[in-house]
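The residues making up each chain are set out below.
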Amino acid sequence: MTLAAILQKAARLPTVARDGWRYPVLRIQARREQTAVEALAALGFDLEELRGYERDFDELAPGLYAQLAERARAGGDELAAARAAGRSESSEEGKKLLYVGTRATRPRTVVETGPFNGASSAFLLRALEDNGDGRLHSFDLSEARDALGHPAGREPGWLVPDELRHRFNVTLGDTRETLRPALRRLGEIDLFFHDSLHTARHMLFEFRAAWPHLRAGGVLVSDDVFWNPAFLLFTRLHRVPFRHIGTMGVTRKR
Ligand SMILES: C[S@@+](CC[C@H](N)C(=O)[O-])C[C@H]1O[C@@H](n2cnc3c(N)ncnc32)[C@H](O)[C@@H]1O
């Protein structure tokens, strides 16, 4: 079967995002799990530079999590506050990947889908701030919902601290409608982060839309790459590495 046929087949997979039985199979096919710094070093970034950004992350992360939790509490959202305060090791390594990857890529343009409350957006924006350059363009539904379908009840990205907002653009609507026209306007992008709808069909749609706009050396990150084969197939098709930090996948365009 050709890769194009495999991709078409994947796009017809059921739209149920949680695909438990495939999870171990995909994990076996992927290389062993890595830390954020290991994965980025394996993609060709300078190890010493990465370690410096990792030290920055370790210093700033507790303060930024506390800010997110405080903002959620002030907004009367105890669930979001608990999520920010009770951060897990695996989700923290994912945030580290976003922060360190953004520092190392030195992007002018970052695109993110599915910011929800804006926890990941805050780390992306903090990295842009520390680089002193770049903008984050985020895309979410006007009625943002978490992975379990609970409505955020706020505008997407509402937890992002005020001092980081001057680099932040949010576009509302289904990425099936909003993403391609926005990418055409943006032209070249440096980093793309998928965290919206994790069906094979939707993930492949977003990867395919973003890839032609991603500059050589640019980075593609996707959350939940073991829910279906989309990231594995996409990286195989483009003959680029499949690295992962927990369930977050990362690759780099040659
Ligand atoms: C799992 S949440 C993302 C979590 C978030 N990145 C964070 O840091 O907490 C998924 C998000 O994708 C959004 N989403 C789902 N389908 C979408 C679509 N078709 N277009 C745009 N956003 C979508 C949801 O509204 C939700 O905000």
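Here the focus is helix 5 (residues 78–85). For helix 5, the complete set of buried residues consists of A80, A81 and A84. Down the axis of helix 5, the buried set is contained in an arc of 100 degrees. They therefore lie on one face. Contact partners of the buried residues in helix 5: helix 4 (47–74).

On to the packing of aromatic side chains. Here the distance between the centres and the angle between the planes together describe a pair of aromatic rings. Tallying each qualifying case throughout the model produces eight aromatic pairs. Ring geometry for F231 and F242: centres 5.2 Å apart, planes at 75 degrees, overall edge-to-face. Of this pair, F231 sits in helix 10 (residues 230–237) while F242 is found in the loop between helix 10 and strand 6 (243–245), placing the two residues 11 residues apart along the sequence. The exposure classification of F231 matches that of F242, with both residues buried. Among the aromatic side chains, those forming a connected cluster through ring pairs are F207, W211, F226, F231, F234 and F242. Sitting above the plane of the W158 ring, R154 keeps its charged end 4.4 Å from the centroid. Above the ring of F205, the side-chain terminus of R176 is found at 4.5 Å from the ring centroid.

Taken together, 17 residues lie around the ligand, and G114, S120, D140, R145 and D195 are the ones closest in. F116 places a polar main-chain atom, nitrogen or oxygen, 3.5 Å from an oxygen atom of the ligand. Contact between the ligand and S120: an oxygen atom at 2.9 Å from a side-chain N or O atom of the residue. Class assignment of the residues belonging to the shell around the ligand gives a composition of seven nonpolar, six polar and four charged.

Now for the packing of helix 9 (residues 200–210) against helix 10. Remark: helix 9 packs on helix 10, axes separated minimally by 9 Å, with the N-to-C direction vectors making an angle of 35 degrees. In this structure, the crossing between helix 9 and helix 10 has a hand that is right-handed. Taken together, the residues of helix 10 that come into contact with helix 9 (itself represented by A200, M203, L204, F207 and R208) are A230, F231 and F234. Considered class by class, the residues forming the contact of helix 9 with helix 10 number seven nonpolar, no polar and one charged.

Ordered by their spatial adjacency, seven strands build an open sheet running 3-2-1-4-5-7-6, and the pairing between neighbours is mixed. Of all the strands in the sheet, just strand 3 (168–172) and strand 6 have a single pairing partner and so form its edges. Pairs of neighbouring strands in the sheet enclose a mean axial angle of 20 degrees, with direction left out of account. Here strand 2 (residues 135–140) pairs with strand 3 via five bridges, running parallel. Bridging across to strand 3, H137 finds its partner in N169. The sheet strands contacting helix 7 (residues 119–131) are strand 1 (109–113), strand 2, strand 3 and strand 4 (189–194), and the helix crosses strand 2 at an angle near 165 degrees. Packing against the sheet, helix 9 makes contact with strand 1, strand 4 and strand 5 (214–222), and its axis sits at approximately 175 degrees to strand 4.

For the rest of this paragraph, the subject is the packing of helix 4 against helix 7. Relative to each other, helix 4 and helix 7 sit at 135 degrees, their axes nearing to 11 Å. Judged by the angle between their axes, helix 4 and helix 7 are oblique. As for how helix 4 packs across helix 7, the hand of that crossing is right-handed. In this structure, helix 4 uses F57, L60, A61, L64, Y65 and L68 to contact helix 7, whose residues at the interface are A119, A122, F123, R126 and D130. Grouping the constituent residues of the contact of helix 4 with helix 7 by class yields nine nonpolar, no polar and two charged.

So, about the pairing of strand 7 (residues 248–252). One face of the sheet, then the other: side chains in a regular strand alternate in exactly this way. Summarising burial for strand 7: five of the five residues are buried, a large majority. Taking every second residue as pointing to the same face, both faces of strand 7 are buried, with M248, V250 and R252 on one and G249 and T251 on the other. With four bridges joining them, strand 5 and strand 7 adopt antiparallel strand pairing. What sits directly across from V221, in strand 7, is V250. Here strand 6 pairs with strand 7 via three bridges, running antiparallel. Within strand 7, the position partnered with R243 by the bridge is V250. Once strand 6 ends, the chain turns through two residues before running back antiparallel as strand 7, passing G246 with a positive phi of about 60 degrees.

How each quantity is defined
Residues numbered from 1 in each chain as written. Predicted model: local features only at pLDDT ≥ 70, side-chain atom pairs only at ≥ 80, totals over all residues. Heavy atoms only, no water. Buried < 20%, exposed > 50% of the residue type's maximum accessible area, 1.4 Å probe, protein only. Helix = DSSP H or I, 4+ residues; strand = E, 2+ residues; numbered from the N terminus. Arc of directions from axis to C-beta. Contact = heavy atoms within 4.5 Å. Phe/Tyr/Trp six-rings, centres within 6.5 Å; stacked < 30°, edge-to-face > 60°. Lys NZ or Arg CZ within 6 Å of the ring centre and 35° of its normal. Near = heavy atom within 4 Å. Polar contact = N/O pair within 3.5 Å; in protein donor to acceptor, adjacent residues only side chain to side chain. Nonpolar A, V, L, I, M, F, W, Y, C, P; charged D, E, K, R; others polar. Axes fitted to C-alpha atoms, helices over the stretch in contact; angles between N-to-C directions. Left-handed = near helix turned anticlockwise from the far one by under 90°. Pairing = 2+ DSSP bridges. Parallel < 35°, antiparallel > 145°, perpendicular 65-115°, else oblique.

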